[in-house]
Amino acid sequence: MNPIKQHNFVMEQGVPCSFILEYNKDVQADDLFAVVRVTASDEEYVAKFDISKVENVSEDAVTTFKLTLGGDIPQGRYVYDVFVYANDKPKAKILKGHILVKASISDRGRLNG
């Protein structure tokens, strides 16, 4: 069994965030399910990633996906997981991590021009 990869990131509240996920098996975007939760044991999720298949950027990858998270998540710390599903059941967790959503930065106080 392969160890679950981990990727932590920081995003700004109100700004969508995307990253690329390379996978070594042939799966479709519909086979992946990725959600954000407050804690790893929560049944309810705060947000769901939009997942689209993209052209491979590495020769090592069998399939490559772009995961996008909308910017409508409240400020705070979260966890996320990416699962491969088969027959409407999770088959494997392939990625996990922590997300820090920081408050958006205002343009007030900047010099014009």
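Scroll up to find the structure.
Now for a description of the structure that goes with this document. What you see is a predicted model, and the numbers here were worked out from it, not measured in a lab.

All right, on to the pattern of salt bridges then. Across all of its chains, the model carries 3 salt bridges by this definition. Of the charged contacts in the structure, one is a salt bridge between Lys53 and Asp26, with a shortest N-O distance of 4.0 Å. Remark: Asp26 occurs in the loop between β3 (17-23) and β4 (32-37) and Lys53 occurs in strand β6 (residues 50-54); sequence separation between them is 27 residues. Overall, the relative accessible area of 60% leaves Asp26 in the exposed class. Arg37 serves as the salt-bridge partner of Asp81, at 2.0 Å between the closest nitrogen and oxygen. Of the two residues, Asp81 sits in strand β8 (residues 76-86) while Arg37 sits in strand β4, which places them 44 residues apart along the sequence. Note on accessibility: Asp81 and Arg37 belong to one class, buried.

As a further point, take the nonpolar core. Counting 26 residues, the largest nonpolar core has Phe49, Leu67, Tyr80 and Ile99 as its most contacted members. Broken down by secondary-structure element, the contributors of at least two residues to this core are β2 (9-12), β3, β4, β7 (63-69), β8 and β9 (89-102).

In this section: the packing of aromatic side chains. Enumeration over the complete set of coordinates arrives at 7 aromatic pairs. One aromatic cluster is present, formed by Phe9, Phe19, Phe49 and Tyr80 through successive ring pairs.

Spatial strand order, β3-β7-β6: 3 strands in an open sheet with antiparallel pairing. Each edge of the sheet is formed by a strand with only one pairing partner; in this case those strands are β3 and β6. Along the sheet, successive strands turn relative to each other by an average axial angle of 25°, direction set aside. Inspection of the sheet shows β6 paired to β7 by 5 bridges, in the antiparallel sense. Across the sheet, Ser52 pairs through a bridge with Lys66, a residue of β7.

The rules behind each value
Residues numbered from 1 in each chain as written. Predicted model: local features only at pLDDT ≥ 70, side-chain atom pairs only at ≥ 80, totals over all residues. Heavy atoms only, no water. Salt bridge = Lys/Arg side-chain N within 4 Å of Asp/Glu carboxyl O. Helix = DSSP H or I, 4+ residues; strand = E, 2+ residues; numbered from the N terminus. Buried < 20%, exposed > 50% of the residue type's maximum accessible area, 1.4 Å probe, protein only. Core = buried A, V, L, I, M, F, W, Y, C linked by side-chain atoms within 4.5 Å. Phe/Tyr/Trp six-rings, centres within 6.5 Å; stacked < 30°, edge-to-face > 60°. Pairing = 2+ DSSP bridges. Axes fitted to C-alpha atoms, helices over the stretch in contact; angles between N-to-C directions.

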